Amino acid sequence: MNLTFTGLVVGAIYALFALGYTLVYGVLRLINFAHSEVFMWGSFGAVWAMTLLGARTGMSWPAAIGLLLVALVAAMAVSGGVALVVERIAYRRLREKNAPPLVALISAIGASFMLSEIMGLRDRIAGWLNLDTVLAPYVRQARENTAFVNPLPNVQVLEVAGFQIRSNQLIVLVAAILMMVALDQFVSRSRLGRGVRAVSQNPEAAALMGVNQKRVVQLTFFIGGLMAGAAALLYLVHIGVTRYNVGFVLGIKAFTAAVLGGIGNIRGALVGGLVLGLVENYATLLGLASSWKDVVSFLLLVVVLLFRPTGILGESLGKARA
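Because the structure is a prediction, the values reported are computed rather than measured.

Focus on a positive patch on the surface
Then step 1. Together, Arg 88, Arg 93, Lys 97 and Lys 214 line one region of the surface with positive charge.
Then step 2. Inspection of the secondary structure puts Lys 214 in helix H10 (residues 213–239).

Quick word on the UniProt feature "transmembrane region" (unreviewed entry) in the protein chain
Then step 1. The sites that UniProt annotates as "transmembrane region" (unreviewed entry) are residues 12–31, 38–55, 61–86, 98–121, 170–187, 219–238 and 295–314.
Then step 2. Between the end C-alpha atoms of residues 61–86 there is a gap of 37 Å, over a span that is 100% helix and 0% strand.

With respect to the environment of Met 119
Then step 1. Tracing the backbone through its elements, the reader meets Met 119 in helix H4 (residues 101–120).
Then step 2. Not counting residues within four places of it along the chain, the set of residues in contact with Met 119 comprises Met 40, Trp 41, Phe 44, Trp 48, Ala 142 and Tyr 244.

Examining H4
Then step 1. End to end, H4 covers 29 Å across 20 residues, agreeing with the expected 28 Å (1.5 Å per residue, within 8%).
Then step 2. The elements touched by buried residues of H4 are helix H2 (35–53), helix H3 (61–96) and helix H5 (122–128).

Regarding the pattern of salt bridges
Then step 1. Taken as a whole and judged by the stated rule, the model has 5 salt bridges.
Then step 2. Between Arg 92 and Glu 87 there is a salt bridge, with the nearest N and O atoms lying 3.0 Å from each other.
Then step 3. Put simply, Lys 253 and Glu 280 hold a salt bridge, and the shortest N to O gap is 2.5 Å. With Lys 253 in helix H11 (residues 247–261) and Glu 280 in helix H12 (residues 266–282), this residue pair connects regions lying 27 residues apart in the sequence. When sorted by exposure, Lys 253 lands in the same class as Glu 280, which is buried.
Then step 4. Members of the salt-bridge network, linked through shared partners, are Glu 87, Arg 92 and Arg 95.

Definitions and limits used
Residues numbered from 1 in each chain as written. Predicted model: local features only at pLDDT ≥ 70, side-chain atom pairs only at ≥ 80, totals over all residues. Heavy atoms only, no water. Patch = residues over 30% accessible without salt bridge, like charges linked within 9 Å, V, L, I, M, F, W, Y side chains within 5 Å. Areas by Shrake-Rupley, 256 points an atom, 1.4 Å probe, with all protein chains shown as cover. Salt bridge = Lys/Arg side-chain N within 4 Å of Asp/Glu carboxyl O. Lys, Arg positive; Asp, Glu negative; His and termini not counted. Charge placed at Lys NZ, Arg CZ, Asp CG, Glu CD. Helix = DSSP H or I, 4+ residues; strand = E, 2+ residues; numbered from the N terminus. UniProt positions renumbered as here; feature names shortened; annotations may be inferred. Contact = heavy atoms within 4.5 Å. Expected span 1.5 Å × (residues − 1). Buried < 20%, exposed > 50% of the residue type's maximum accessible area, 1.4 Å probe, protein only.

So, in structure tokens, the structure goes:
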């Protein structure tokens, strides 16, 4: 039970993170490898919000929930804004010039390194601007782990089969699933969501029907960024630290979850993330050290793709059922 629930918690974070890859691929048929840094910037947005508000551990539930909601808004706003910047700088011009997908891929990788290093050099950047003293709480130890102050009391909520389910774990799992369900309903039922699906299915026909493709692409990046910011906050609630390069391995895991469930499929990202989290945790039952979790995860991906190249669900965003 312990391994199952913990795996679901981690898998839910993977799944929420994976939505950015799924949405962009579903619309543009491109992999946004800068999405991992969108997640990383969102995590720092949450840390900075908590620092600014003077959060401390063990606060009362109403105050803690209020602070976490502010941190959630900050993380989603930062990630959404960074995602729009990535779309504007790394993709839009190339898309207008009908550049080959490989060029866009290289541009995304370059944007990923740029965003990571800007965060890793934030102390020097503040020093160049003579703001290092004023911004000291936000820029110190730029290349080391940065702690997240979680105001929630991490208490036992339930006990199932002798396993204690704690408040932080339950909040992460429930919040991630609710946000994924909300996004799925938005894409399936809203007017903007129908525009996203129309562009994904047939961009030319969508343009003839009056759908603004440029606006849809921006919306897709922005929504993916919002989900990455939400995933970043939940990751901090669960793990408690972030780092300038935290998105590298987590981004690969999220991309694996998206491919595993069916790249371009929102529900596939949920399934892929949960399966990946469970498999990682169950690997410890085989006597493997935690460092082997990555090996098991990618082995699972290879096996699934050998027998089902489109992933577990394999339904594209453009064909998602309303």
